[in-house]
Amino acid sequence: IAANSRMLDVTPIAAFQDNYIWLIRGARDPRAVAVVDPGDAGPVQSALAANGMKLCAILATHHHADHVGGVAALVAETGAAVFGPARERLPVEVTRLAGGDRARLDALGLEFEVLDVPGHTAGHIAYHGHGALFCGDTLFSAGCGRLFEGTPEQMLASLDAFAGLPEPTRVFCGHEYTLANLRFAMAVESGNADIVDYVRKASALRASGRPTLPSTIGLEKRVNPFLRSRHENVKLSAERRAGRVLPTPVAVFAEIRSWKDTFR
Ligand code: ZN
Ligand code: FE
C-alpha cells in the first residue's frame, strides 16, 4: 500500500458532454492504471495508447450507462479486474462491493474503502482512500445527484458520510456541473462569500478549458447547499421557497433538492 504522504496520481479523461472518467496511476508502477466510471471505452483506449499504460482495474460507482457503458469493451480488450456495487446490475461480472468492504487494486498497490451512498441510485457506492474520494453522481462540486432511486433521507445520510471525511480529502465527481451548480448555490445563499470567491475561481478554470475538479471536502462544506442543510441561512432560504416551516434537516434538504430540479 502506497504511503499516504504521496498524493494519489489522478487525471481526468473527458467523455460525452460533461462526464469525467478518472484515471488513477499505480503507486509502484505508474504505467499500471485504473479508471473510475468509464462510460465510454474510446477516450480511455486513446489515453492508454498515448501514454503506454496498462489498464489493470475498473471501479464503478453505479449502474448508469454514462458510467459503465465502456466497461465491457475495456474488459474484453485488457482483462482488467472490475469492481462495482453489490446491489446493482452491471454489464459484466464484477467484484461486488458494499459499505465497509475494501477494493484491493493489487496491480496498482492501492486499496480503497467502500462507502454505501444510496440516493442517486439505490445501490450507489463511493471509493475512499489515499486522500481521495470517488463519489460518482452522489456529490458534485456545489451540488448533488438527482434522486432517481433513493429518498431524501438516504441522500442526506450519504452526503453526511462524505462531510465526515477529512477536509483535505480531494473529491473526484462524475460530472463537470460546477458552474451551473454555483448559480443555484448563489440563489440559495447570496450572502456566502465563499461561494462568490469560488464562482470567480471556477469561471477562470472553465474559461481556460480546465476542470474545476477535484474539489475538497472542506470547500464543499463551505459552498455546497446540499451539505449545508443544517445552516440557518440555507434553512431560511428553503423555508421562504416552501412557504412553511421546515422542521428537520431532511425537510430542508428535500426542499432545496426539488428547488434545484426546476432551477434554470
Ligand atoms: Zn448517474
Ligand atoms: Fe452520470
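About the criteria used
- Note on numbering: residues in each chain are counted from 1, in written sequence order.
- Whichever chain is written first becomes A and whichever ligand is written first becomes 1, with later ones labelled in order.
- In keeping with the predicted nature of the model, local features appear solely for residues at pLDDT of at least 70, side-chain atom pairs appear and are counted solely at 80 or more, and the whole-chain, interface and lining totals rest on all residues.
- Side-chain calculation: all heavy atoms of the structure are included, whereas hydrogens and water are not.
- Throughout, nonpolar core names a set of buried Ala, Val, Leu, Ile, Met, Phe, Trp, Tyr and Cys residues whose side chains join them through atoms within 4.5 Å.
- Buried residues are those whose accessible area, probed at 1.4 Å on protein chains only, stays under 20% of the maximum for their type, while exposed residues exceed 50% and partly exposed ones sit between those limits.
- Counted as coordinating are nitrogen, oxygen and sulfur atoms within 2.8 Å of the metal, or 3.2 Å for Na, K and Ca, while water is not included, which may make sites look incomplete.
- Only two sets of limits are used to name each site, 85 to 135 degrees for every angle of a tetrahedral four-donor site, and over 155 degrees for opposite donors with all other angles from 65 to 115 for a square planar four-donor or octahedral six-donor site, with any other site named irregular.
- Secondary structure counts use DSSP, requiring at least four H or I residues in a row for a helix and at least two E residues in a row for a strand, with both numbered from the N terminus.
- Interaxial angles span 0 to 180 degrees and are taken between N-to-C directions of axes, which are lines fitted to C-alpha atoms, for helices over the stretch in contact.
- The contact definition used throughout considers only heavy atoms, calling two residues in contact when any of these lie within 4.5 Å.
- Here the nonpolar group is Ala, Val, Leu, Ile, Met, Phe, Trp, Tyr, Cys and Pro; Asp, Glu, Lys and Arg are the charged ones; every other residue, Gly included, is treated as polar.
- Take the far helix as the reference: if the near one is turned anticlockwise from it by less than a right angle, the crossing is left-handed, and if turned clockwise, right-handed.
- For salt bridges, the criterion is a side-chain nitrogen of Lys or Arg within 4 Å of an Asp or Glu carboxyl oxygen.
- Polar contacts, as counted here, are pairs of nitrogen or oxygen atoms within 3.5 Å of one another; within protein the pair requires one atom able to donate a hydrogen and one able to accept it, and residues that are adjacent in sequence qualify only if both atoms are side-chain atoms.
- One bridge is not enough; two strands pair if DSSP finds at least two bridges between them.
- Handedness of a crossover: with both strands directed away from the viewer, a clockwise path from the first strand across the helix to the second marks it as right-handed.

Visitor: For this particular structure, what's the right way to read the nonpolar core?
Guide: Buried together is how nonpolar side chains tend to be arranged in soluble globular proteins. Formed by 54 residues in total, the largest nonpolar core has its most connected members in Ile24, Leu105, Tyr127, Phe134 and Phe162. Membership of the second largest hydrophobic core comes to 21 residues, among which are Leu23, Leu48, Ala80 and Val94.

Visitor: What am I meant to see in the coordination of the zinc ion (ligand 1) here?
Guide: Ideal donor angles around a metal are set by the shape: a four-donor tetrahedron calls for 109.5 degrees, a six-donor octahedron for 90 or 180 degrees. Coordination of the zinc ion (ligand 1) by the protein is provided by His62 (NE2), His64 (ND1), His120 (NE2) and Asp137 (OD), with metal-donor distances spanning 2.2 to 2.3 Å. What the 4 donor atoms of the zinc ion (ligand 1) show is an angle range of 88 to 170 degrees at the metal, which sorts the shape as irregular. One chain supplies every donor to the zinc ion (ligand 1), and in sequence these donors are spaced H-x1-H-x55-H-x16-D. A separation of 3.2 Å is found between the zinc ion (ligand 1) and the iron ion (ligand 2), both of which receive a donor from Asp137. Pair noted here: His120 is in the loop between strand 8 (110-116) and strand 9 (125-129) and Asp137 is in the loop between strand 10 (132-136) and strand 11 (139-140), with a separation of 17 residues, a long-range link.

Visitor: When you look at the packing of helix 1 (residues 41-51) against helix 3 (residues 71-78) in this model, what are you seeing that I'm missing?
Guide: For any two helices packed against each other, one specifies the inter-axial angle together with the distance between the axes. Two elements in contact, helix 1 and helix 3, have axes whose closest approach is 9 Å; the angle formed by their N-to-C orientations is 35 degrees. Packed against helix 1, whose contacting residues are Ala41, Val44 and Gln45, the element helix 3 presents Ala73, Leu74 and Glu77 at the interface. When its residues are assigned to classes, the contact of helix 1 with helix 3 shows 4 nonpolar, 1 polar and 1 charged.

Visitor: Looking at this model, I keep getting lost on the packing of helix 8 (residues 232-242) against helix 9 (residues 249-262). Mind explaining?
Guide: For the pair helix 8 and helix 9, the least separation of the axes is 9 Å and the interaxial angle reads 65 degrees. Regarding helix 8 and helix 9, the two cross each other, and that crossing is left-handed. Taken together, the residues of helix 9 that come into contact with helix 8 (itself represented by Val234, Lys235, Ser237, Ala238, Arg241 and Ala242) are Val252, Glu255, Ile256, Ser258, Trp259 and Thr262.

Visitor: Honestly, the pattern of salt bridges in this entry has me stumped. Any pointers?
Guide: A pair can form between side chains of opposite charge whenever their charged atoms are brought close. In this structure the tally under the stated criterion is 15 salt bridges. The partner of Asp116 in a salt bridge is Arg87, and the shortest N-O contact between them spans 3.3 Å. Separated by 29 residues along the polypeptide, Asp116 in strand 8 and Arg87 in the loop between strand 5 (81-85) and strand 6 (95-97) bring together distant segments of the chain. On the basis of relative accessible area, Asp116 is assigned to the partly exposed category, the value being 32%. The residue Arg257 makes a salt bridge to Asp261 at a minimum N-O spacing of 2.7 Å. In this pair, Arg257 and Asp261 are both assigned in helix 9, 4 residues apart and thus about one turn of the helix distant. Relative accessible area serves as the criterion here: at 27%, Asp261 is assigned to the partly exposed category. One connected set of salt bridges, linked through shared partners, spans Arg102, Arg104 and Glu111.

Visitor: When you look at the side chain of Thr212 in this model, what are you seeing that I'm missing?
Guide: Considering the arrangement of structural elements, one finds Thr212 in the loop between helix 6 (193-207) and strand 14 (215-216). Side chain to side chain, Thr212 and Glu176 meet in a polar contact 2.7 Å long. There is a polar contact of 2.6 Å between the side chain of Thr212 and the side chain of Thr178. Among all residues touching Thr212, those that are not within four sequence positions of it are Tyr20, Glu176, Thr178, Tyr198, Ala202, Leu205 and Arg206.

Visitor: Help me understand the pairing of strand 3 (residues 32-36) in this model?
Guide: For a regular strand, side chains alternate in direction, first toward one face of the sheet and then toward the other. Counting buried positions along strand 3 yields 5 of 5 residues, so the element is predominantly enclosed. In strand 3, alternate side chains face the same way, and those of Ala32, Ala34 and Val36 on one face and Val33 and Val35 on the other are all buried. Pairing of strand 2 (residues 19-25) with strand 3, which is carried by 4 bridges, proceeds in the antiparallel orientation. When the bridges of strand 3 are listed, Ile24 appears paired with Ala34. Turn length for the strand 2-strand 3 hairpin, with the two strands adjacent in sequence and antiparallel, is 6 residues. Bridge analysis of strand 3 against strand 4 (residues 54-59) gives 5 bridges, and the strand direction is parallel. Bridge pairing links Val36 to Leu59 in strand 4. The handedness of the strand 3 to strand 4 crossover, carried by helix 1, is right-handed.

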